[in-house]
Amino acid sequence: MEWLRMMNAALAYIEKNLAGEIRTEDIAHITGCSAYQFQKIFTLLAGGLSLSEYIRNRRLACAADELQNGTLSVLEVGLKYGYDSPTAFNRAFQRLHGCPPSAVRSKAALRKAYPPISFHITVKGAIEMEYKIRKQKAFRAVGARLSTTVEDGKNLREIPAFWSEVHRDGRVDRLLALCAGKQPDPTLPAPLLGICVSHGATDSSFDYYVAIPSDSPAEPGLEEVLLPEATYAVFNCVGALPEAMQALTAHVYSEWLPSSGYRLGSGPDIEVNPKGDPSSPRYQSELWVPVEEEA
């Protein structure tokens, strides 16, 4: 439950600082996550809503309250909630509320309510999550790299497109050829991996690798990635990718993690994709979430 408490403490911090500067790294620090991890988790728990969009909408909701009930001018309210340009404030306000800021001076004006959110554990019997705790030794992988970010859910669009690209241009075939005929190491995940490597605690961007465990030299167009020793919660995923993996990840963070007795670790996230048709509703893959026991 400590993890859930920290997530709600982060939301309270956002609410307290809507009229001031809000840095993602400060929010993430409250939860013990990196900026990348917090934004990823927030989007999953908030049903696809990005952190920046949530903060923007909450500021615009507060701006509407002040315009309707306060004495500040439209310009002053816009400046208070981070808009240096009246045009930018007007455009953002109309996008959310459907009317210009000046219109909400009237108590009868229609506007959208956008209350603050909070996170709770939801117990659902329809989703069965099988998992095991696995201590994974450090290993080296070779793969194709994509640099992306969790800002505004960009990663959710770019990563599926990247998988299509590396299949289409032959890099997946080249990767699989590196391990063809070799006796697999049973201590390593098999064979095609999706690896998320954060750029650091304060950075929202990360590198995503389509990779295989390998000691072979990285060929042109491929790169090596070193994965540290880590403890993982490993979940079975059944269904077509990427939809099944995205749905499982949301359930892990919203249902399993808050009551598991674990918190997120600092290792990379890993998706394990065995041979088969990833578009099949019966395709079986794995999600590896780095974890540490709560103190």
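Each remark here, short or long, concerns the structure printed above.
Fair warning: this is a prediction, and the values are worked out from it, not measured in the lab.

Caption draft 1: Focus on the pairing of strand E3 (residues 192–198). The element E3 is extensively covered by neighbouring structure, given that five of its seven residues are classed as buried. Bridge count between E3 and strand E8 (residues 269–273): five bridges; the pairing is antiparallel. From the neighbouring strand, Ile195 faces E8, where its bridge partner is Ile270. Pairing between E3 and strand E4 (residues 205–213): six bridges, direction antiparallel. Paired with Cys196 across the strands is Tyr208, a residue of E4. Connecting E3 to the antiparallel partner E4 that follows it, the hairpin turn spans six residues, and Gly200 within it adopts a positive phi of roughly 145°.

Caption draft 2: Fine view of the side chain of Ser50. Its place among the elements puts Ser50 in the loop between helix H3 (35–45) and helix H4 (51–69). A distance of 3.2 Å separates the side chain of Ser50 from the backbone nitrogen of Glu53, its partner in a polar contact. Of the polar contacts made by the side chain of Ser50, one reaches the side chain of Asp152; its length is 3.1 Å. Contacts of Ser50, omitting those with residues within four sequence positions, involve Phe42, Thr43, Asp152 and Gly153.

Caption draft 3: Local environment of unusual backbone geometry. Put simply, Leu241 and Pro242 share a cis peptide bond, and its omega is 5°. Following the sequence through the fold, Pro242 ends up in the loop between strand E6 (230–238) and helix H9 (243–256). The backbone phi angle of Asp152 is positive, close to 55°, even though this residue is not glycine. When you line up the elements, Asp152 lands in the loop between strand E2 (139–149) and helix H7 (154–168).

Parameters at a glance
- Residues numbered from 1 in each chain as written.
- Predicted model: local features only at pLDDT ≥ 70, side-chain atom pairs only at ≥ 80, totals over all residues.
- Heavy atoms only, no water.
- Buried < 20%, exposed > 50% of the residue type's maximum accessible area, 1.4 Å probe, protein only.
- Helix = DSSP H or I, 4+ residues; strand = E, 2+ residues; numbered from the N terminus.
- Pairing = 2+ DSSP bridges.
- Polar contact = N/O pair within 3.5 Å; in protein donor to acceptor, adjacent residues only side chain to side chain.
- Contact = heavy atoms within 4.5 Å.

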